[in-house]
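Remarks on the overall topology
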Amino acid sequence: MLSNLNSGHSQQAKFNLVQVKGTWIRQPEQSQLAEGKLSDAEISQNKSENGLLWTVVSPIIFSYRVIQCRNILDPGNDTLLWGHLGDEELKGTLSNSKPLRRFVVIDETVNHLYGSQVAQYFKARKTVCKILPLPTTEENKGLELVTRILEQVHEFGIDRRSEPIIAIGGGVCLDVVGLAASLYRRRTPYIRVPTTLLSYVDASVGAKTGVNFAGGKNKLGSYVPPVATFLDRSFFQTLPPRQISNGMAEMLKMALMKHRGLFELLEAEGRKLLHTKLQSCESNNDVSEHEDCATASTRIAIETMLEELAPNLWEDDLDRLVDFGHLISPELEMCVLPALLHGEAVNIDMAFMVYVAHQRGLLTADEKERIVQCMLGLELPVWHQDCTLALVQKSLRERVKHSGGSVRMPLPTGLGQAEIFHDMIEDNILHQAYQKWTDELSDSGNK
Ligand code: NAD
């Protein structure tokens, strides 16, 4: 049927769209265009004896800001209120005499620690504010939370053009609020304020929102980026050390895939970064001249992540370096839940893949050893008893199924460089890598 539809059409005409006096009109591609606003969209039309076929191409541009800042909850800091706006938009908004209003969703634990500062901030800025604390845990990461947010947003009544919803919390909170915002009135702007390291370097900078569904991780979601993400490392001061290591795994992923300098930084300073919870020392305020390792490592992690995400926001291209560590880990994470945090499962996956890369001749023994030592320095697990060969094989099969039938496997080919491989790992390589990995690391514990 479909092939008939297409093959039956012979004559094609392409049209531009021009807005003249408020009306959009089609103009043949080759013609002299009327004076007016030209759209990026185009319509092509095919005609045959069967009828007409119109094809609409409508490029949609998303633009969002990722801002590193300090003291975001200081009432003297404009970022939380205005950071999502460019200079021109801000001028327009400030000339408006409407009272300021914001709807804030905050993770319950974060509310306990920072809720009064958030309330104080908006009070000092004379902003009418509704703060909704929610238990945004992985176990609760479902549609019910989304509905709760939507009901409260509706009751509060926001102006979707000028009153972005603000999410403050870890990756779960940001994902859930993002999904609610993408549903409310089809797309309401929202802002992400990550408070965990993992959400700072990963969940907050891309476009994905989501909740778990039907037993599957992030099975429901959307690709709708926030209007802005505000990154303030001071939230990490209250994180347990394990949560810092957890986020470090995603930083290490970017280092292994594309930035040798970041790898060397984590290798040399990893323990110190953990110990200081990535805080900069106060005397070192001039970050432009003397960038300390906490500032440098988080900046590089964000920059490398944005480089990979921006051209592929909708994940149309399945060849993604950022998938390193995410081939076996989803299966492992769900299988042992809640024993492993996301970054921990990712690290176990990465450690195994480093052995595969070595077995394939892509990494030297020295490079492999340096990577493993770096992981241990970051206090990340490098092996897990439930990561069996059967689980590895099943995960790889699943992966092929979900990648349109072909293999797409990012593997390191040196320190800070990688390639995507499209051939399946040979059975003997997989077995040998698994055996060596187990022999060498099974008693590593959390050294
Ligand atoms: P999380 O949101 O569950 O937070 C971890 C824990 O830290 C929670 O108990 C939370 O209450 C607590 N917490 C948060 N901030 C704190 C602070 N400043 N001080 C003390 N405690 C604090 O977990 P996470 O690791 O931030 O995020 C994991 C989630 O992110 C997963 O659901 C994953 O699917 C998602 N994720 C999404 C993307 C994406 O692109 N959208 C990327 C990676 C991960």
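Residues numbered from 1 in each chain as written. Predicted model: local features only at pLDDT ≥ 70, side-chain atom pairs only at ≥ 80, totals over all residues. Heavy atoms only, no water.

In this structure, threonine 304 sits in helix α10 (residues 293–309). Judged by relative accessible area, threonine 304 falls into the buried class, the value being 4%. Among the polar contacts listed, one links the side chain of threonine 304 to the backbone oxygen of alanine 301, at a separation of 3.1 Å. Setting aside anything within four residues of it in sequence, one finds threonine 304 in contact with Met254, Lys258 and His259. (Helix = DSSP H or I, 4+ residues; strand = E, 2+ residues; numbered from the N terminus. Buried < 20%, exposed > 50% of the residue type's maximum accessible area, 1.4 Å probe, protein only. Polar contact = N/O pair within 3.5 Å; in protein donor to acceptor, adjacent residues only side chain to side chain. Contact = heavy atoms within 4.5 Å.)

A volume near 620 Å³ is recorded for the second largest pocket. Here the residues of the lining of the second largest pocket sort into 13 nonpolar, five polar and six charged. (1 Å grid on protein atoms, 1.4 Å probe; cavity = no way out; pocket = protein on both sides within 12 Å on 5 of 7 lines; lining within 4 Å. Points joined across faces, edges and corners; volume = space filled by probe spheres on them. Nonpolar A, V, L, I, M, F, W, Y, C, P; charged D, E, K, R; others polar.)

Attention shifts here to helix α14 (residues 389–402). With 14 residues, α14 should cover 20 Å at 1.5 Å per step; its first-to-last C-alpha distance of 20 Å lies within 8% of that length. Burial in α14 covers these residues: Leu389, Leu391, Val392, Ser395, Leu396 and Val400. The secondary structure elements touched by the buried residues of α14 are α11 (329–336), α12 (342–359), β13 (409–414) and α15 (427–441). One or two positions beyond α14, positive phi appears at glycine 404, with a value near 65 degrees. (Expected span 1.5 Å × (residues − 1).)

In terms of domains, the protein chain is made up of domain 1 (2–57), domain 2 (65–239) and domain 3 (242–444). Relative placement of domain 1 and domain 2: their C-alpha centres are 40 Å apart. (Domains from an automatic or database assignment.)

Turning our attention to the sheet that holds strand β9 (residues 190–194). One open sheet accounts for six strands, arranged β5-β12-β9-β8-β6-β7; its pairing is parallel. Among the strands making up the open sheet, the edge pair consists of β5 (65–68) and β7 (127–134). Adjacent strand axes in the sheet meet at a mean angle of 20 degrees, parallel and antiparallel pairs treated alike. Summarising the sheet, β5 and strand β12 (residues 228–231) pair through four bridges and their orientation is parallel. Residue pairing across strands places isoleucine 67 opposite phenylalanine 230, the latter belonging to β12. Against the sheet, helix α5 (residues 143–156) engages β6 (100–107), β7 and β8 (165–169), with an angle of about 160 degrees to β7. Helix-sheet contacts for helix α6 (residues 171–183) involve β6, β8 and β9, and the interaxial angle to β8 is about 165 degrees. (Pairing = 2+ DSSP bridges. Axes fitted to C-alpha atoms, helices over the stretch in contact; angles between N-to-C directions.)

Pairing between strand β1 (residues 11–20) and strand β3 (residues 37–48): eight bridges, direction antiparallel. When the sheet's bridge partners are listed, glutamine 11 is paired in β3 with lysine 47. Note that β1 and strand β2 (residues 23–28) share six bridges and pair antiparallel. Residue pairing across strands places asparagine 16 opposite glutamine 27, the latter belonging to β2. Between β1 and β2, which pair antiparallel in sequence order, lie two residues; one of them, lysine 21, sits at a positive phi of approximately 50 degrees.

With that out of the way, let us pick up the nonpolar core. Counting residues in hydrophobic clusters, the biggest one holds 79 residues, and the most contacted among them are Met248, Leu252, Leu266, Leu278, Phe352, Met353 and Trp437. When residues in this core are grouped by element, the largest group, 11 residues, is from α12. Each of domain 2 (65–239) and domain 3 (242–444) accounts for three or more of the residues forming this core. Setting aside residues no more than four positions away along its own chain, tryptophan 437 makes contact with Ile348, Ala351, Phe352, Tyr355, Val382, Trp383, His384, Cys387 and Ser442. Among the nonpolar cores identified, the runner-up in size contains 24 residues, and Leu134, Ile158, Leu174 and Ala180 belong to it. (Core = buried A, V, L, I, M, F, W, Y, C linked by side-chain atoms within 4.5 Å.)

Further remarks concern empty space enclosed by the protein. One water molecule sets the probe size; rolling that probe over the atoms shows where empty space is left. The final tally for this structure, using the stated rule, is one cavity of 30 Å³ or more. There is about 50 Å³ of room inside the largest cavity. Surrounding the largest cavity, Leu327, Leu396, Arg399, Val400, Val407, Arg408, Met409 and Met424 form its lining. Residue classes in the lining of the largest cavity are distributed as six nonpolar, no polar and two charged.

Our next topic: the packing of aromatic side chains. The final tally for this structure, using the stated rule, is 10 aromatic pairs. When the ring of phenylalanine 352 is compared with that of tyrosine 434, the centres are 6.0 Å apart and the planes differ by 65 degrees; the resulting orientation is edge-to-face. Placement of the pair is phenylalanine 352 in helix α12 and tyrosine 434 in helix α15, with a sequence separation of 82 residues. Neither residue differs from the other here; phenylalanine 352 and tyrosine 434 are each classed as buried. In textbook terms, an aromatic cluster arises when at least three aromatic residues are bridged by ring pairs, as seen for Phe352, Trp383, Tyr434 and Trp437. It is arginine 102 that lies over the ring of tryptophan 82; its NZ or CZ is 5.7 Å from the centre. (Phe/Tyr/Trp six-rings, centres within 6.5 Å; stacked < 30°, edge-to-face > 60°. Lys NZ or Arg CZ within 6 Å of the ring centre and 35° of its normal.)

Another point: the packing of helix α9 (residues 260–275) against helix α13 (residues 365–377). Between α9 and α13, whose axes approach to 8 Å, the crossing angle comes to 30 degrees. Crossing angle aside, the handedness with which α9 passes α13 is left-handed. Contacts from Arg260, Phe263, Glu264, Leu266, Glu267, Arg271 and Leu274 in α9 reach Arg370, Ile371, Cys374, Leu376 and Gly377 in α13. (Left-handed = near helix turned anticlockwise from the far one by under 90°.)

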